[in-house]
Each structure stands twice: as structure tokens, then as C-alpha cells.
Amino acid sequence: MFSLPLAAQTAEEQGLLADLAQADPDAAIRIDRELQAIWSKSGSSSMDLLLRRGREAMEAGETRVAIEHLTALTDHAPDFAEGWHLRAQAYYGADLYGPAVADLERALALNPHNYDAIFGLGAVLESFGDHAGAFEAYSRVKAMHPHHEDVDSALARLESRVSGTSL
């Protein structure tokens, strides 16, 4: 609908994701920015505007307004994964965990390589007390993006709960 052709997007993403998994910290920052730029392009200036307004509202702490903009985006561009991912973040920020999980599932069905959406799923699972599921999600993020800013602390926080403690 409003996204780039999947085949063209996939080839570029595959190369960047392969590079990201092997990158040093400085290169990882650059590659992450490139992936975020790709994932943030819907192919429609109107949809990109709704995404930008949703992000701006979230940054301003206006979660309800963000949800409204992002709902309009997902209604008009249901195949645009980043709209679902960002709305999941807004729902999570509003303590609406069921809708957040549903949107993360949709975002990951559309873009299974979005490590930030996988990280978000891990955060939701952790808040539900599913430490093993959260650890698995965070481990997947670590494999995809070893220098993700929050993944090491998340894995360290859960490691003893998942593997147990030694005496």
C-alpha cells in the first residue's frame, strides 16, 4: 500500500542487518540510523507526517495524542510496520499492555527484523513476569544488534532469574 516494494526493501535490509551483527560500536550507530530511516519511510508523505506527529507527541509526553495520530496511521497504512511498532510504544507508555502486545505482533509480522520491536516485546513480557520469554527476546536482539543501547542491561537483569543462582 504505502511502503516500498518488499523485495527491494528486503535486499537492502538484509545487507545492513548482516553488517550490524558484525559491526563495531561506531559502525553500529551508523547502520542503526540507516535501518531506522528505511523503516520510517511509508512511501507516502501524508503517512510519514502522521508518524512524525506521533513521535513528536510521545516525546512531548502526550501519549493520548500520539495514540490518535498513530491509530490514524495504522488505519490508513495497515502494511506499514513502523506505525504499529510506534503505536505499541505509545500503548505501553499508557499502561495498555494488551493493545501494545497486539501491535507488536502486527509490527513483527510485517517486519520480523525490527530489533526495537523485539526489544519492546521483551519489555512487555518482563513486565508480565515472563522472564524466560523476555530473556529470549532480548537475546534475539543481542544477536541482531550486539551494541543495542539497552540489551546488555536487560540481559544482565534477567540472567540470574532465567539460569538460576549458583551456591
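The structure under discussion appears in the preceding block.
Cut-offs applied
- Residues numbered from 1 in each chain as written.
- Predicted model: local features only at pLDDT ≥ 70, side-chain atom pairs only at ≥ 80, totals over all residues.
- Heavy atoms only, no water.
- Helix = DSSP H or I, 4+ residues; strand = E, 2+ residues; numbered from the N terminus.
- Buried < 20%, exposed > 50% of the residue type's maximum accessible area, 1.4 Å probe, protein only.
- Polar contact = N/O pair within 3.5 Å; in protein donor to acceptor, adjacent residues only side chain to side chain.
- Contact = heavy atoms within 4.5 Å.
- Salt bridge = Lys/Arg side-chain N within 4 Å of Asp/Glu carboxyl O.
- Axes fitted to C-alpha atoms, helices over the stretch in contact; angles between N-to-C directions.
- Parallel < 35°, antiparallel > 145°, perpendicular 65-115°, else oblique.
- Left-handed = near helix turned anticlockwise from the far one by under 90°.
- Nonpolar A, V, L, I, M, F, W, Y, C, P; charged D, E, K, R; others polar.

K.L.:
I'm lost on the side chain of Thr 74 in this one. Help?
P.N.:
In this structure, Thr 74 sits in helix 4 (residues 63-76). Accessibility expressed as a relative area gives 3% for Thr 74, which makes it buried. At 3.1 Å, the side chain of Thr 74 and the backbone oxygen of Thr 71 are in polar contact. Those residues in contact with Thr 74, other than ones at most four positions away along the chain, are Gly 83, Trp 84 and Arg 87.

K.L.:
Would you take a moment to explain the pattern of salt bridges for this structure?
P.N.:
A side chain with one charge may pair with a side chain of the opposite charge, provided their charged atoms come close. With the rule as written, the count across this model stands at 6 salt bridges. Taking the shortest distance from any N to any O, the salt bridge between Glu 68 and Arg 64 comes out at 2.5 Å. On the criterion of helical spacing, the pair formed by Glu 68 and Arg 64 is a turn pair, its members being 4 residues apart in helix 4. According to the relative accessible area criterion, Glu 68 is partly exposed, its value standing at 47%.

K.L.:
Looking at this structure, I do not really get the packing of helix 6 (residues 97-110) against helix 7 (residues 115-127). What am I missing?
P.N.:
A pair of packed helices is characterised by two quantities: the angle between their axes and the separation of those axes. Where helix 6 contacts helix 7, the two axes come as close as 10 Å, and the packing angle between them is 150 degrees. Considered as vectors, helix 6 and helix 7 are oriented roughly antiparallel to each other. Here the hand of the crossing between helix 6 and helix 7 comes out left-handed. Residues Tyr 97, Val 101, Leu 104 and Leu 108 of helix 6 lie in contact with helix 7, whose contacting residues are Ala 117, Ile 118, Gly 120, Leu 121, Val 124 and Ser 127. Considering only residue class, the contact of helix 6 with helix 7 consists of 8 nonpolar, 2 polar and no charged.

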